[in-house]
Amino acid sequence: MAHGTPMVVAPVSEEILLSRLKEFKAASVGERTFGPSWVNDLGVACIVLVAHDRALPAQIRRERECTLAAWRWNGTPAAALMMTVVAKGHERPYGRWIDNATSPVVAALRREGRFYLTVASLDGSHSGWMEAHLYSGSDHQKPDTTAWDYLWTFEVPGIPCSKLGERFDILRRDRYPEGTEPIPLWPAPSDAWVELAYGRRPWDNCLQARDRARGAWAHQHHHIRGRAAGMIQTIFERQTLDGIAPVIGADGTWLPKLHKAEITGILESAPAVRRWLTAMAGPNPCAKAAYDACYEILNDAPAMYLVVSRLIFLLNESEDYQLVYAASHTIEAVLLDERVTDWGARRPWLENVGHGLRLRSEPIELTAPLDDIREYWRSGLDIGELLDSGPRLAPHDFPAPLRGICEALQTVKLDGTVDEAEATISRLLVEAQAARQWSIPWGARVEISFGPFVAMRIFEKDGEFACHFLDPEDRYYLTSIGLTGSEPTINTKQVFSMLGAGDPLTNEHAEMTLKLIAAAVVRDFVVVEDRTAVFSARNFRKRIRGRDVRTLIYLPRVRYDRLTTEGFAQITGEGQAKGRVKHHVVAHFRKSDNPTTEQLFLAKRYGINVPEGFTFVRGHDRGGVADAARVHIYRSRSASRMIFTEIAAAPSGSRPAWFDFEKDCLVALEKRGMKVIHQAANRDGDGGVDLYAVDADGSPCVVQCKCWAAHRKVGPDVVRELAGAIQLTGNGSSTTAKGILITTSSFTPGAVEAAVALGYELIDGQRFTKLITD
């Protein structure tokens, strides 16, 4: 216990106290527990307990004394210390303060046996400063540190489920008996949050959703930090107990012959990587040193690129899996560091900046379901999933629970073999790579129905596709497709066919099925000439995790209960397009403000609403019988028709406007004698599309297109965006590409000025209408 009485002179001024309280203005109950604290010039700890209302500071001020109870929680290496104000009649939440027992403030408290404190509310009112002395029992008139000293006799936790003197087993889940000394683990600032949100403490009912979310982050940081340290311990044990030589010399030299030249080159170009490998697998392995070196790498874009693009692959090739796991767990632990995640409030991602991976972060929704937040910190930090993930993930996006996916796909079976499925996937992607002519709008949503998934959302960046399979809660499962290399690639997370007792087995049939679906949808998007025979859209409004999903892009209804890998090879190359179902469009109003003929034409063609005023659209019928005699070339057939056996008609509704816009941009340029290669997509989400083209004289052109409403003018930022695309495209080339901007609206004076300065051609809605109608 501690007892405080008023001080004559406050250790800091009211102004300083208010400034230190300012950062807690919007804090949650748990966040306020980490109130301001510091060590003054006299070496005495100063602590501010942040109350949740004015009543507690006022009560203490009236009583002119306060009593505090202290606990030391030894669930983590930091053994967090908590102090709670004991006030008669005051209801929870009490005034509390917590800090790691390894902090300078706690060290000063232990050294002096006394401290200064005040209990303050967020409006600035406080109890007045008091000097508190430690005591034991009920006599607070006589300072006594006996009970306090007893707190520091408890054992310091180490790596969970470990025992000093015994081999570390990463698969062990049971703790050793009480009194067993664990393998040491260094303390971390996040440890205090582990104790605060443990779930079985007196203050648990006072915590808010944000506090529990931070606790989930801290728990995973503690867990994976222990696994990283444990794997480095196994390397230490194999060297000291088994006599296996280190793979890194004391001077940082890579010793094995396998990949010696390649790894030596990496170590010479990135000193932080050398320090990291030496700390993990040198003569004296040290988990804390490896963690610190890895944090340095994570903030060094070229070094991180070398680790991800080359080193991890080479380590896997060496089959030193203890080192591979030590490296991967250390990277994951550092990605959870409070300096990266802002104490669990932000998700890390890696931005590809060309021979460099820059560490970035985006906020996450701390009020989301706690199970989703736990699942993200458990499974969402795979390096492959972090690459360029920032722009495609909103704060409310979380991964689908892997256990649920595995259970839902337990019985999935291909009609053919896994090898046949891989061959079919390869053929689909090779065709998508060789024959692509369209883009995929950023975040396009495709309805599917397979296992736990109801839809897929697709994001493209420079020929790399992130396909998010979505469950009914809009939680994602990532499958990645790449069409930029010499050979296309596709990757997905492992799905297991057995959970629980025993080692889980990979469910290859389920993985191949997901890859087949993703490859078919991407291939259809970028290759099919008449996409209205494959896709359609309807207005749809649904609230998911705080956002409106207004439009769904549909794949023709497919039942995925019978999957065949033979269908692709059996296709003859001929097929017939299905017409749209006949339906009635009711009369409605459309906004208008004396639009030009061209604007009316473009609004009608692409479904763009002109905001000022209204125009009336009479009721009418749409759709009709298809032209059964029309035959399309091989590429126009849907890939889904090739690999899935049962298909129904697509739902009724108007086709997406950007289908027409893409094709019209292509046609307009071809009428000018340009050869168009359609290979890019942007992230507008409004029908924008980029084209690469070659002029009649062979000069390259980069064309940026904006399908915007008439009132939304294209500004100079879009011109600068085009300049960046041209620079990227012309990297390493002696010829600078021309720039063309096409829009359905018009340009601001600033855009015109910027385009003239750069020599770019501008085509507004009026000129565009003339190009596609002449």
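A quick note: this is a predicted structure, and the numbers were derived from the prediction, not measured.

*Asks:* Explain the overall build of the protein chain to me, please; I cannot follow it from the model alone.
*Replies:* The helix and strand inventory of the protein chain stands at 25 helices and 26 strands. Per-residue burial for the protein chain yields a buried fraction of 52% across its 774 residues. Sequence separation of at least 24 residues holds for 66% of the intrachain contacts in the protein chain that already meet a minimum separation of 6. Carbon and sulfur atoms make up 50% of the accessible area of the protein chain, which totals about 35,400 Å².

*Asks:* In this structure, what is going on with the packing of aromatic side chains? I would like to understand it.
*Replies:* Between two aromatic rings, the relevant description is the distance of the centres plus the angle of the planes. Evaluated as defined, the whole model comprises 13 aromatic pairs. Seen from their ring centres, Trp148 and Trp152 are 5.5 Å apart, and the 65° between their planes marks the pair as edge-to-face. With a relative accessible area of 6%, Trp148 lands in the buried category. Relative accessible area serves as the criterion here: at 15%, Trp152 is assigned to the buried category.

*Asks:* It is not clear to me how the confidence of the model for the protein chain should be interpreted in this structure. Could you clarify?
*Replies:* The predicted coordinates of low-pLDDT regions are not to be read in fine detail. Counting all residues, the mean pLDDT for the protein chain is 84, and 81% of those residues have values of 70 or more. For the stretch residues 568–592, pLDDT sits under 50, and the model shows 83 contacts to residues farther than four places along the chain or on other chains. A low-confidence stretch, residues 622–636 (pLDDT under 50), is modelled with 43 contacts involving residues beyond four sequence positions or located in other chains.

*Asks:* I keep staring at the pairing of strand β12 (residues 453–461) and nothing clicks. Help me out?
*Replies:* Side chains on a regular strand alternate between the two faces of the sheet. In terms of residue burial, β12 counts as a mostly covered element, since seven of its nine residues are buried. Bridge count between strand β11 (residues 444–450) and β12: five bridges; the pairing is antiparallel. By the bridge assignment, Arg445 is partnered in β12 with Arg457. Between the antiparallel neighbours β11 and β12 lie two residues, among them Gly451 with a positive phi of about 55°.

*Asks:* Sorry if this is basic, but what is going on with the packing of helix α17 (residues 418–435) against helix α18 (residues 508–527) here?
*Replies:* For any two helices packed against each other, the geometry is given by the interaxial angle and the distance between the axes. In contact at an axis separation of 9 Å, α17 and α18 are set at 20° when each is read in the N-to-C sense. Between α17 and α18, the interaxial angle falls into the category roughly parallel. Crossing geometry of α17 relative to α18 is assigned as left-handed. Contacts between α17 and α18 involve Val418, Ala421, Glu422, Thr424, Ile425, Leu428, Leu429, Glu431, Ala432 and Ala435 from the former and Glu508, His509, Met512, Lys515, Leu516, Ala519, Ala520, Arg523, Val526 and Val527 from the latter. Here the residues of the contact of α17 with α18 sort into 13 nonpolar, two polar and five charged.

*Asks:* Sorry if this is basic, but what is going on with a negative patch on the surface here?
*Replies:* Among the surface-exposed residues, Asp419, Glu420, Glu422 and Glu508 lie close enough to one another that they form a single negatively charged patch. Counting residues per element, the negative patch draws most heavily on α17, which supplies three residues.

*Asks:* What's the story with the sheet that holds strand β5 (residues 81–86) in this structure? I'm lost.
*Replies:* Adjacent strands of a sheet pair through backbone hydrogen bonds, lying either parallel or antiparallel. With mixed pairing, the eight strands of this open sheet are ordered in space as β2-β3-β7-β8-β1-β4-β5-β6. For this open sheet the edge positions go to β2 (37–39) and β6 (96–99), each flanked by a neighbour on one side alone. Across the sheet, the mean angle from the axis of one strand to that of its neighbour is 25°, orientation sign disregarded. Across six bridges, strand β3 (residues 45–50) lies against strand β7 (residues 114–120) in parallel orientation. Along β7, the bridge assignment pairs Leu49 with Val119. Sitting on the sheet, helix α3 (residues 55–63) touches β4 (66–72), β5, β7 and β8 (130–134), and the angle it makes with β7 is about 125°.

*Asks:* For this particular structure, what's the right way to read the packing of helix α8 (residues 260–269) against helix α9 (residues 271–281)?
*Replies:* Running from N to C, α8 and α9 cross one another at 115°; their axes reach a closest spacing of 5 Å. When α8 is examined against α9, the residues Ile266, Leu267, Glu268 and Ser269 are found in contact with a partner set consisting of Pro271, Val273, Arg274 and Leu277. Classifying every residue of the contact of α8 with α9 by side-chain character gives five nonpolar, one polar and two charged.

*Asks:* Can you help me understand helix α4 (residues 104–112) in this one?
*Replies:* Side chains three or four residues apart in an α-helix point the same way, a direct result of the helix having 3.6 residues per turn. Where α4 is concerned, the buried positions are Val105, Val106, Ala108 and Leu109. All buried residues of α4 lie within an arc of 160° about the axis, which places them on one face of the element. In α4, those exposed residues whose orientation departs by more than 90 degrees from the buried face are Pro104 and Arg111. Phi turns positive one or two residues past the end of α4, at Gly113, with a value near 75°.

*Asks:* In this structure, what is going on with unusual backbone geometry? I would like to understand it.
*Replies:* The general pattern is negative phi for most residues beyond glycine and trans for most peptide bonds. Backbone geometry at Arg64 places phi at a positive 60°, although glycine is not the residue there. For Arg64, a relative accessible area of 55% gives the class exposed. Phi at Asp474 is positive, roughly 70°, even though this residue is not glycine. Its place among the elements puts Asp474 in the loop between β13 (464–470) and β14 (476–482). Take Asp474: its relative accessible area is 1%, and that puts it in the buried class.

About the thresholds
- Residues numbered from 1 in each chain as written.
- Predicted model: local features only at pLDDT ≥ 70, side-chain atom pairs only at ≥ 80, totals over all residues.
- Heavy atoms only, no water.
- Helix = DSSP H or I, 4+ residues; strand = E, 2+ residues; numbered from the N terminus.
- Buried < 20%, exposed > 50% of the residue type's maximum accessible area, 1.4 Å probe, protein only.
- Contact = heavy atoms within 4.5 Å.
- Areas by Shrake-Rupley, 256 points an atom, 1.4 Å probe, with all protein chains shown as cover.
- Phe/Tyr/Trp six-rings, centres within 6.5 Å; stacked < 30°, edge-to-face > 60°.
- pLDDT = per-residue confidence, 0-100.
- Pairing = 2+ DSSP bridges.
- Axes fitted to C-alpha atoms, helices over the stretch in contact; angles between N-to-C directions.
- Parallel < 35°, antiparallel > 145°, perpendicular 65-115°, else oblique.
- Left-handed = near helix turned anticlockwise from the far one by under 90°.
- Nonpolar A, V, L, I, M, F, W, Y, C, P; charged D, E, K, R; others polar.
- Patch = residues over 30% accessible without salt bridge, like charges linked within 9 Å, V, L, I, M, F, W, Y side chains within 5 Å.
- Salt bridge = Lys/Arg side-chain N within 4 Å of Asp/Glu carboxyl O.
- Lys, Arg positive; Asp, Glu negative; His and termini not counted.
- Charge placed at Lys NZ, Arg CZ, Asp CG, Glu CD.
- Arc of directions from axis to C-beta.

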